[in-house]
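# Reading the structure
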Amino acid sequence: MKITDVKLRFAKHYLFVQVYTDAGIVGLGEAGNWGYLQATAAAIEKFADYLIGKDPFRIEDFNQNFLRSVYFRGSVIMSAISAIDIALWDIKGKALGVPVYELLGGKTRDKVRVYASVMHLTEDNQKLAEQFQQLQEMGFTAAKIFCNGPTSSTDGKGEFYSSRIEREVEKVRVCREAVGPDFDFVLEVHRGMTLPEAVAFGRAVEPYRPMILEDPVPPDNVDTMAEVASKVGVPIATGERAIDLREFEVLMARHACQYVRPDVCAVGGITTSKKICALAEAHDVLVIPHNPLGPVSTAACLQICASIPNLGIQELPGFCLNGAEDKMVKEPLRFENGCMLIPEAPGIGIELADDAEELYPANERGSNAARRAFDGAVKDW
């Protein structure tokens, strides 16, 4: 079997890649660098010239070749590698007639617990509490709370240390009262606090038993993240911006987190993600795959989650809630009782709809139009 073509498909704010073979098998992947999709597409097209005529089963060889054959890497290159890598795993699974998780060692679980990652910012705590009750009624057992509110305001109080900490803690308190103890919180700080703010906030929210404090400070300085981790009782999750296996090794060696967040569409695909999970296992660290993208990303994450022993929980993006993206694929992924069911079809388990581009016109995330569309979607939970 040989690779015959590589095609790109833009739908909504996603970039998908399809790798064709002379056996009629087509592999599907997704790129993670959502802010620079055109640049990532150009990188994929450059790699495609090398792939044509090659054996698609040589996944590790291609991954290493793309990683090492150019002088420059960065998020654009790594997202291109990731998209191709996922597509090649999809081809291999289809060719052998098994889900990708079987090629990764087989199942460690039959379903994957997920949390709702809804990026809805509000300063109205009553509305926030009601929204969490709605998520609970939908079957979720965990969800994200944004705790990186505005750092500036017309009255200047947004920059007050004490009131800012109090405001963010109050969000967590009202949500805990709204949903009770049988619900887990992912506190998404989104790199929005200073070291002293993160420590004060992390300590103050401990009584409300959040599961995760995510990216409390910018991840650029590993030692700063490690200092937060050493001073608060809420487990730290980080790594969604990392694009290299070695970045994760340093994070864990410095004891900077209890959860790592590899993005399968940004770190080098399923190949590198599996290595990161193994590193995390050796460090007694749990894995929460980052997943802010489309159905291909989710399907690839589920294949990894199905095969690792150290899964924490899986992120489910708010874009897809209430079936908003079901028509993008031929057979939608299934959510039941707070969990995603693991696809059993060969490969990563899903196929793009033939008319995905028409149903979901390209609208790159970060544009004003995309922001308006996204804001409307998350309001309609």
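Quick caveat, the model's predicted, so the values are computed rather than measured.

As a further point, take helix α3 (residues 74–96). Compared with an ideal rise of 1.5 Å per residue, which puts 23 residues at 33 Å, α3 spans 33 Å between its outermost C-alpha atoms and is within 8% of the ideal. Among the 23 residues in α3, 17 count as buried, and that is most of the element. Immediately downstream of α3, the backbone of glycine 97 shows phi near 75°, a positive value.

What follows concerns the side chain of serine 273. Within the fold, serine 273 resides in helix α10 (residues 269–282). Owing to a relative accessible area of 2%, serine 273 belongs among the buried residues under this scheme. Dropping the residues within four chain positions of it, serine 273 is found in contact with Val264, Val267 and Ile304.

Our focus in this paragraph is the nonpolar core. The tendency in soluble globular proteins is for nonpolar side chains to be buried as a group. One finds Phe132, Phe185, Leu187, Phe201, Val260 and Ile270 to be the most contacted residues of the largest nonpolar core, which totals 114 residues. In terms of residue count, α3 provides more of this core than any other element does, 11 residues in total. Both of domain 1 (3–98) and domain 2 (102–345) provide at least three residues apiece to this core. Discounting chain neighbours no more than four positions away, the residues touching isoleucine 270 are Asp85, Ile86, Trp89, Val100, Leu104, Val264, Ala300, Ile304 and Ile348. Grouped together as the second largest cluster of nonpolar side chains are 9 residues, Tyr115, Ala142, Ala237 and Ile313 included.

On to the domain arrangement of the chain. Domain assignment breaks the chain into domain 1 (3–98) and domain 2 (102–345). A separation of 27 Å is found between the C-alpha centroids of domain 1 and domain 2. The interface of domain 1 with domain 2 comprises 29 residues on the first partner and 25 residues on the second. In total, about 2,100 Å² of surface goes out of reach between domain 1 and domain 2, with carbon and sulfur atoms giving 66% of it. Across the contact surface, domain 1 and domain 2 share 2 salt bridges. At the boundary of domain 1 and domain 2, one finds 17 residue pairs in polar contact (both at pLDDT 80 or more). Mapped by element, the contributors of at least two residues to the side of domain 1 that touches domain 2 are β2 (14–21), β3 (26–30), α2 (59–68) and α3.

In this section: the environment of cysteine 320. Examined against the element boundaries, cysteine 320 turns out to sit in the loop between β11 (314–317) and β12 (335–336). Residue classification places cysteine 320 among the partly exposed positions, given a relative accessible area of 21%. The sequence separation of cysteine 320 and alanine 306 amounts to 14 residues, and the corresponding C-alpha distance is 21 Å.

Moving on: the pairing of β2. Counting buried positions over the 8 residues of β2 gives 7, a clear majority of the element. Pairing of strand β1 (residues 3–11) with β2, which is carried by 8 bridges, proceeds in the antiparallel orientation. Within β2, the position partnered with valine 6 by the bridge is valine 19. In terms of strand pairing, β2 meets β3 through 5 bridges, oriented antiparallel. Directly across from phenylalanine 16, in β3, lies its bridge partner glutamate 30. Turn length for the β2-β3 hairpin, with the two strands adjacent in sequence and antiparallel, is 4 residues, and the turn residue glycine 24 shows positive phi of about 85°.

Criteria and thresholds
- Residues numbered from 1 in each chain as written.
- Predicted model: local features only at pLDDT ≥ 70, side-chain atom pairs only at ≥ 80, totals over all residues.
- Heavy atoms only, no water.
- Helix = DSSP H or I, 4+ residues; strand = E, 2+ residues; numbered from the N terminus.
- Expected span 1.5 Å × (residues − 1).
- Buried < 20%, exposed > 50% of the residue type's maximum accessible area, 1.4 Å probe, protein only.
- Contact = heavy atoms within 4.5 Å.
- Core = buried A, V, L, I, M, F, W, Y, C linked by side-chain atoms within 4.5 Å.
- Domains from an automatic or database assignment.
- Buried area = accessible area lost by both parts, 1.4 Å probe.
- Salt bridge = Lys/Arg side-chain N within 4 Å of Asp/Glu carboxyl O.
- Polar contact = N/O pair within 3.5 Å; in protein donor to acceptor, adjacent residues only side chain to side chain.
- Pairing = 2+ DSSP bridges.

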